[in-house]
Amino acid sequence: MAKTRENEDAVSRLNRIKPQTNLAFNIIFCVLAAICIIPVFFVFMISITSEKSIQMNGYQFIPESFSLEAYKFLFDEGAMILRALGVSIFVAVVGTVLGLALTSTMGYVLSRSNFKLNGLLTMIVFIPMIFSGGMIASYVVNTQMLQLKDSVWALILPLCLSSFNVTVCRTFFKTNIPDSVIESAQIDGASQLTIFSKIALPLSKPMLATIALFLTFGYWNDWFQASLYITDTSLYSLQALLNYIQRNIEVMANNPSMGLTMQQYANAMPKEGARMAMAVIIIIPIACTYPFFQRYFISGLTVGAVKG
């Protein structure tokens with residue numbers, strides 16, 4: 001007993017962090033947190049800066065004059081913003097659910113070593129991580145074969161399945177779901193679908209939360225798919241709408257021949273402030289979503305799964 005306690009004390013001393021090291025870690029974490037927070041704060045300050053102040057002094061952390069014209073402009077364009085917000089929410093929710101379903105099922109199948117096509121399908125999943133068919137090939141498939149142009153599914157289907165996410169799921173299921181659990185369930189007469197839904201998924205909440213977070217961020221921040229496949233502005237997401245507004249502001253401001261009304265509209269609107277205010281609106285929902293995923297990262301993986 002004495003030796004055991006001595007060994008435990010020795011391990012405790014080795015794992016103990018010195019005050020100087022702890023201080024250094026705290027400083028590093030504070031610097032990293034500032035690197036993440038300062039750009040968001042800077043964008044917000046620009047969004048409440050008057051357009052004249054931006055034109056005269058450029059971007060400033062503490063502007064000379066404040067203004068809410070950018071948010072007033074977005075409020076006046078409320079129908080357009082709400083429609084784009086609805087598209088973004090629909091795409092993010094449906095895409096995340098569909099992506100989770102496809103990724104988890106494929107990852108589970110590939111994690112079973114007794115599956116006959118395991119090697120072939122693993123290579124089919126792995127090769128696109130290194131080699132891609134290219135943008136032209138994917139564009140032809142999505143527009144000519146799948147007929148996705150000017151469809152909300154063009155914003156969902158091309159991004160719902162990723163070789164990287166499937167590989168993560170496959171590795172997780174293979175290393176964290178004990179074979180003894182699968183074998184016990186098979187002896188009791190459970191099918192693979194039952195094992196997957198009643199055993200594998202409940203033990204995989206941290207992995208599912210991580211994949212869901214990746215998918216949600218990817219869908220919410222995506223604007224490129226809309227630029228490729230969407231010409232109907234009513235199907236623009238918030239990010240695509242921000243890109244569309246930015247391009248049209250530049251065109252209207254630099255092209256007086258577009259007409260007096262459009263030119264006056266372009267000159268009157270808060271150009272830089274509107275962009276930054278739109279960015280703030282885009283950031284808020286995804287920032288509020290993250291804490292709901294975070295709590296799963298620290299939960300147990302297979303606690304109580306195998307009873308001795």
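Residues numbered from 1 in each chain as written. Predicted model: local features only at pLDDT ≥ 70, side-chain atom pairs only at ≥ 80, totals over all residues. Heavy atoms only, no water.

Trainee: Can you walk me through the side chain of Ser88 in this structure?
Mentor: On the secondary structure map, Ser88 appears in helix α5 (residues 78–111). Not counting residues within four places of it along the chain, the set of residues in contact with Ser88 comprises Trp220, Ser237, Leu238 and Gln239. (Helix = DSSP H or I, 4+ residues; strand = E, 2+ residues; numbered from the N terminus. Contact = heavy atoms within 4.5 Å.)

Trainee: Mind showing me how you'd approach the environment of Met135 here?
Mentor: In this fold, Met135 is placed in helix α7 (residues 135–145). As for Met135 and Leu228, which are separated by 93 residues in sequence, their C-alpha atoms are 9.9 Å apart. Other than its neighbours up to four places away in sequence, Met135 contacts Phe224 and Leu228.

Trainee: I tried to follow the layout of surface pockets on my own but got confused; where do I start?
Mentor: If a probe the size of a water molecule is rolled over the atoms, the empty space left behind becomes visible. Within this model, the largest pocket holds a volume of roughly 670 Å³. Of all elements in the fold, only α5, α6 (118–130), α7, α8 (163–176) and α12 (224–229) reach the threshold of two or more residues within the lining of the largest pocket. Grouping the amino acids of the lining of the largest pocket by side-chain chemistry returns 17 nonpolar, eight polar and no charged. (1 Å grid on protein atoms, 1.4 Å probe; cavity = no way out; pocket = protein on both sides within 12 Å on 5 of 7 lines; lining within 4 Å. Points joined across faces, edges and corners; volume = space filled by probe spheres on them. Nonpolar A, V, L, I, M, F, W, Y, C, P; charged D, E, K, R; others polar.)

Trainee: Sorry, what's going on with the nonpolar core here?
Mentor: Side chains that are nonpolar tend, in soluble globular proteins, to be buried together. In terms of nonpolar packing, the biggest core is built from 45 residues, with Phe173 and Met278 touching the most fellow members. Where this core is concerned, the elements lending two or more residues are α4 (69–76), α5, α8, α9 (179–187), α10 (192–200), α11 (205–221), α13 (238–254) and α15 (271–294). The next biggest cluster of nonpolar side chains, apart from the first, holds six residues, and it includes Ile46, Ile54, Met276 and Val280. (Core = buried A, V, L, I, M, F, W, Y, C linked by side-chain atoms within 4.5 Å. Buried < 20%, exposed > 50% of the residue type's maximum accessible area, 1.4 Å probe, protein only.)

Trainee: I would appreciate a short explanation of α4 in the present structure.
Mentor: Within the sequence span of α4, burial applies to Ala70, Phe73 and Leu74. End-on view of α4: buried residues confined to an arc of 95°, all on one side of the axis. Seen from the open side of α4, the exposed residues pointing more than 90 degrees away from its buried face are Phe75 and Asp76. (Arc of directions from axis to C-beta.)

Trainee: Honestly, the packing of α9 against α10 in this entry has me stumped. Any pointers?
Mentor: When two helices pack together, their arrangement is given by the angle between the helix axes and the distance between those axes. One way to put it is that α9 packs onto α10 with a least axis distance of 10 Å and a crossing angle of 130°. One element, α9, and the other, α10, form an angle in the oblique class. Relative to α10, the crossing made by α9 is right-handed. Of the residues in α10, those touching α9 at Val181, Ile182, Ala185 and Gln186 are Gln192, Ile195 and Ile199. For the contact of α9 with α10, a count of residues per class yields five nonpolar, two polar and no charged. (Axes fitted to C-alpha atoms, helices over the stretch in contact; angles between N-to-C directions. Parallel < 35°, antiparallel > 145°, perpendicular 65-115°, else oblique. Left-handed = near helix turned anticlockwise from the far one by under 90°.)

Trainee: What's the story with empty space enclosed by the protein in this structure? I'm lost.
Mentor: Tallied over the full model, the rule gives one cavity of 30 Å³ or more. When its volume is computed, the largest cavity comes out at roughly 60 Å³. Considering the residues around the largest cavity, the lining is formed by Val91, Leu155, Tyr219, Asp222, Trp223, Ala226, Ser237 and Ala240. For the lining of the largest cavity, the class distribution of residues is six nonpolar, one polar and one charged.

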